[in-house]
Amino acid sequence: MSDTQNLIENRPPSVATLFIERVSATPEAEAYRYPVPPASGRGPDTWSSLSWAQAAERVYAIAAGLIELGVRPEERVALASATRVEWILADLGVMCAGAATTTVYPSTNPAESVYILADSESRVLIAEDAAQLAKARERRAELPHLAHVVVIDAADAVPAEGDPEGWVLSLADLEARGERYLITHPEAVKERVTAITATQLATLIYTSGTTGRPKGVRLAHDSWSYMAKALAATGLATKDDVQYLWLPLAHVFGKVLISGQIEVGDVMAVDGRVDRIIENLPVVRPTYMAAVPRIFEKVYNGVAAKARAGGPAKYKIFQWAAGVAREHARIAQDNFRRTGTPSVPFALAAQHKIADALVYAKLREAFGGRLRAAISGSAALAPDIGYFFSGAGIHILEGYGLTETSAASFVNPGEAYRTGTVGKPLLGTEVRIADDGEILLRGPGVMAGYHGLPEKTREVLESDGWFHTGDIGELSADGYLRITDRKKDLIKTSGGKYIAPAEVEGQFKAVCPFVSNVLVHGADRNFCTALIALDEPTILGWAAENGMAGRPYADVVASAQVEQLIGGYVKRLNEGLQRWQTIKKFRLLPRDLDIEHGELTPSLKLKRPVVERTYKDLIEDMYKGSRES
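Residues numbered from 1 in each chain as written. Predicted model: local features only at pLDDT ≥ 70, side-chain atom pairs only at ≥ 80, totals over all residues. Heavy atoms only, no water.

(A) Up close: the overall build of the protein. The secondary structure content of the protein amounts to 22 helices and 26 strands. What you see for the protein is a C-alpha radius of gyration of 25 Å, in line with the 25 Å of a compact globule of 629 residues. Judged by the C-alpha coordinates and their principal axes, the protein covers about 75 × 60 × 55 Å. The buried share of the protein, taken over its 629 residues, is 55%. Split by element, the accessible area of the protein, about 26,500 Å² in all, is 52% carbon and sulfur. Each charge class in the protein was averaged separately, 70 positive and 77 negative side chains, and the resulting centres sit 6 Å apart. (Helix = DSSP H or I, 4+ residues; strand = E, 2+ residues; numbered from the N terminus. Rg over C-alpha atoms; globule rule 2.2 N^0.38 Å. Buried < 20%, exposed > 50% of the residue type's maximum accessible area, 1.4 Å probe, protein only. Areas by Shrake-Rupley, 256 points an atom, 1.4 Å probe, with all protein chains shown as cover. Lys, Arg positive; Asp, Glu negative; His and termini not counted. Charge placed at Lys NZ, Arg CZ, Asp CG, Glu CD.)

(B) Region of interest: the packing of aromatic side chains. Taken as a whole, this structure holds 13 aromatic pairs when the rule is applied. Arranged with centres 6.4 Å apart and planes meeting at 15 degrees, the rings of Tyr 315 and Phe 318 form a pair that is stacked. Remark: Phe 318 and Tyr 315 occur in helix H13 (residues 312-339); sequence separation between them is three residues, near one turn of the helix. The pair formed by Tyr 315 and Phe 318 is uniform in burial state, with each residue classed as buried. Members of the aromatic cluster, each reached through a chain of ring pairs, are Phe 296, Tyr 300, Tyr 315, Phe 318, Phe 367, Phe 388 and Phe 389. In this arrangement the basic side chain of Arg 140 is found over the ring face of Trp 167, its NZ or CZ atom lying 5.5 Å from the centre. (Phe/Tyr/Trp six-rings, centres within 6.5 Å; stacked < 30°, edge-to-face > 60°. Lys NZ or Arg CZ within 6 Å of the ring centre and 35° of its normal.)

(C) Quick peek at the pattern of salt bridges. Tallied over the entire structure, the rule returns 37 salt bridges. Between Arg 84 and Glu 128 there is a salt bridge; the shortest N-O distance is 2.9 Å. Of the two residues, Arg 84 is situated in the loop between strand S3 (76-80) and helix H4 (85-96) and Glu 128 in the loop between strand S5 (124-127) and helix H6 (130-137); the sequence distance between them amounts to 44 residues. Across the pair, Glu 128 and Arg 84 agree in class, each one buried. (Salt bridge = Lys/Arg side-chain N within 4 Å of Asp/Glu carboxyl O.)

(D) Examining a nonpolar patch on the surface more closely. A contiguous nonpolar patch, built from Ile 317, Trp 320, Ile 354 and Leu 358 and spanning about 340 Å² of accessible area, is present on the exposed surface. Those elements that place two or more of their residues in the nonpolar patch are H13 and helix H14 (346-366). Mapped onto the secondary structure, Trp 320 falls in helix H13. (Patch = residues over 30% accessible without salt bridge, like charges linked within 9 Å, V, L, I, M, F, W, Y side chains within 5 Å.)

(E) Spotlight on the sheet that holds strand S19 (residues 449-450). Ordered in space as S7-S6-S5-S3-S4-S8-S9-S19, the eight strands form an open sheet in which the pairing is mixed. This sheet does not close on itself; its edge strands, each paired only once, are strand S7 (168-170) and S19. Sheet analysis places strand S8 (residues 201-206) next to strand S9 (residues 216-220), joined by five bridges and oriented antiparallel. Bridging across to S9, Leu 201 finds its partner in Ala 220. Lying on the sheet, H6 is in contact with S3, S5, strand S6 (148-151) and S7; it crosses S5 at an angle near 150 degrees. Sitting on the sheet, helix H9 (residues 221-233) is in contact with S8 and S9, with an inclination near 65 degrees to S9. (Pairing = 2+ DSSP bridges. Contact = heavy atoms within 4.5 Å. Axes fitted to C-alpha atoms, helices over the stretch in contact; angles between N-to-C directions.)

(F) Highlighting the environment of Leu 133. Relative to the helices and strands, Leu 133 is located in helix H6. Along the chain, Leu 133 and Ala 157 lie 24 residues apart, while their C-alpha atoms are 8.2 Å from each other. What Leu 133 contacts, discounting residues up to four positions off in sequence, is Ala 127, Val 149, Val 151, Asp 156, Val 158, Trp 167 and Val 168.

Set out below in structure tokens:
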């Protein structure tokens, strides 16, 4: 057994223990960096820091405050907040109290928020602001277990008429209570942490289902401890890294990054405001970050749009440079696989050097100039997008996992990464491919089950620990996994041909710089169609240059010019597809798909049934007059 494997197998029972060990090892080192808005409300943010020792003071105060409120081991404390440093401190406080965190997206509507609070029987809600407090207050009668609401933004922690005494308090109040409690019970938190067992419930994360109620995924303390050790063992992050965290922490992908960072001891810059990403990157200058494919697609489309706005010559240079980047990446990765050296032919290397000076260097500067690697997960990244960034010197390492497997089951290994795959399994995770192509996983990261749903648990979790992911994939001879589609999302045409819509959609995103979201439809039909939503800033920029300046988005996408423009990209897509995969008809949507209308999950995944229901008339219109109608 290797030293690394030994460390994983002999891991402590909880991340709470790992946190105490990290604080003891590097108390004065910087742990978290976070933005502080200017007092005037205008101008750029300043960034402040917490050392591990300073973070621990607040974490232990929160833990002690929860204990003083009567929260017992494994009882649930819900967290409804955007990504911010207080989310992390509160989550660690919950774990150090031996309790379990229920995560709630701040964008979740009141009805579903109340359902999650009730189903989890959460005793305390830590709410970001007045808006999150209101969701619980308005339907408090449905929440008999909810004893307190702790509000992060202190100015919003205002009791209302009808609130029970002490029902609302601020996070600062909770920490003050904890500090007083620790004076008389100095060992209280340490005793709770010492008592945590590996199988004890640590987190309830509710999956955002496309139909019906969300299911609560039960993740034990051991799952996060395992993830911390296994992620550290990949060597992808070091103690000298600065990691930029913007992902929603209510999502398992964001949550797992906290565990890995505690084990490694690097700096984490935390700001969940998606509209500040472009602004923050040159300030934070991260060396390491994680994102979802939509972010990389937006950056790619933005760069392409900027080049186009610079005139035909500049756009032609960009297109040439993008082609060089992709060819360079493909050849370099192929040669690394065969020889261990990412070499390329001399002529291509010379072209790449010129393209780097003209295009790639500016792109790297937009990411802060120090980005060594970026992890992409949650959905598939179009290979052409991945090859472009790889060739431009921004190495995107795809990974794979689910809420039910604590987020990270596979990740691409450093220099040996392969675009188009999700890499190799983490140490300690087993994988096999079922006869029908479904990926099955087994290991410490796999959930204990769905909360209160034993029948649903048995549908996906076998008695010997194998979890059915619902994804279809292929394993290479040397262990790299390629995801081909969701099992339930495979399309079978009326002609009997199987099509993976995500694959076609990914290819279109790589071909068309104007697309934001696309859904390929064709189940039980005799040909495939597509619903296409365009990126508003990009298409309005094009419109301004083509005689439609000032016209609203809906008018622009309804114009014959834009239909012809996108039709050209659909034709290019079809040239690279099998006949039965080709898109025969498409419709442009009057607005982009979004979370608010329930068409995207908070991690920006497409909810196919919702989109197909919303735009049923457009879909039916595309099949009018066909032989099946």
